[in-house]
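Notes for the structure review
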Amino acid sequence: SCAHRPAATAEPCPICFDPMLEPIRLPACGHAFHARCLRRWAAAAAPASAPTCPVCRQVFVVDDLEEEWKPPPLILVGVRKRRIRLRPLTAPLLR
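These numbers were taken from a predicted model, which means no experiment stands behind them.

**Digging into the nonpolar core**
- Residues Cys13, Leu26, Phe33, Leu38, Phe60 and Leu65 are the most contacted members of the largest nonpolar core, which totals 13 residues.
- Looking at this core, the elements that each hand over two or more residues are β2 (32-33) and α1 (35-45).
- Counting residues per element, this core draws most heavily on α1, which supplies 4 residues.
- For phenylalanine 60, the residues in contact, after removing those within four places along its chain, are Leu26, Leu38, Ala42, Pro51, Thr52, Cys53 and Leu65.

In structure tokens form, the structure reads like this:
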């Protein structure tokens, strides 16, 4: 498992307080968040200043997290009644 993506946890996101299923961790301090919440937090800081951890205020570099923020590639698994079904490429294809 990636250092930025620990196993599923019931720990709440410090920004939105919803449970985190696939949190990312800031490399500098180790605090975990939903990727979407952290993106919004960083966008609110820019361009006035560098983004900081919402918990401890440690500065982090957005470029260090860019790979974590990309959605997984999708694969078409079916089309039925004008509905397209997609799954992450990393998910099992057979169900």
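Read on, since the account is not over.
**Side note on unusual backbone geometry**
- Phi angles above zero are rare outside glycine, and phenylalanine 17 is one such case at about 70 degrees.
- Mapped onto the fold, phenylalanine 17 is located in the segment before β1 (24-25).
- Judged by its relative accessible area of 62%, phenylalanine 17 falls in the exposed class.
- Positive phi is not limited to glycine here, since arginine 57 has a value of about 70 degrees.

**Side note on the side chain of histidine 34**
- Mapping histidine 34 onto the fold places it in the loop between β2 and α1.
- The contact partners of histidine 34, leaving out residues within four places of it in the chain, are Cys13, Cys16, Asp18, Pro19 and Met20.

**Remarks on the state of the cysteines**
- The tally for this structure, following the rule as stated, stands at 0 disulfides.
- Counting only cysteine sulfurs, cysteine 29 is the nearest neighbor of cysteine 53, a cysteine outside any disulfide, at a range of 3.7 Å.
- Cysteine cysteine 56 remains unbridged, with the sulfur of cysteine 53 as its closest cysteine sulfur at 3.8 Å.

**What about α1?**
- For α1, the full list of buried residues reads Ala35, Cys37, Leu38, Ala42 and Ala45. Taken around the axis of α1, the buried residues stretch over an arc of 160 degrees, which confines them to a single face. Relative to its buried face, α1 has exposed residues pointing more than 90 degrees away, namely Arg36, Arg40, Ala43 and Ala44.

**Remarks on the confidence of the model for the protein chain**
- Of the residues in the protein chain, 62% have a pLDDT of 70 or more, and the chain-wide mean is 75.
- By mean pLDDT, helix α2 (residues 66-69) is the weakest element of the protein chain at 58, and β2 is the strongest at 91.

Each value, and the rule that gives it
Residues numbered from 1 in each chain as written. Predicted model: local features only at pLDDT ≥ 70, side-chain atom pairs only at ≥ 80, totals over all residues. Heavy atoms only, no water. Core = buried A, V, L, I, M, F, W, Y, C linked by side-chain atoms within 4.5 Å. Buried < 20%, exposed > 50% of the residue type's maximum accessible area, 1.4 Å probe, protein only. Helix = DSSP H or I, 4+ residues; strand = E, 2+ residues; numbered from the N terminus. Contact = heavy atoms within 4.5 Å. Disulfide = S-S within 2.5 Å. Arc of directions from axis to C-beta. pLDDT = per-residue confidence, 0-100.

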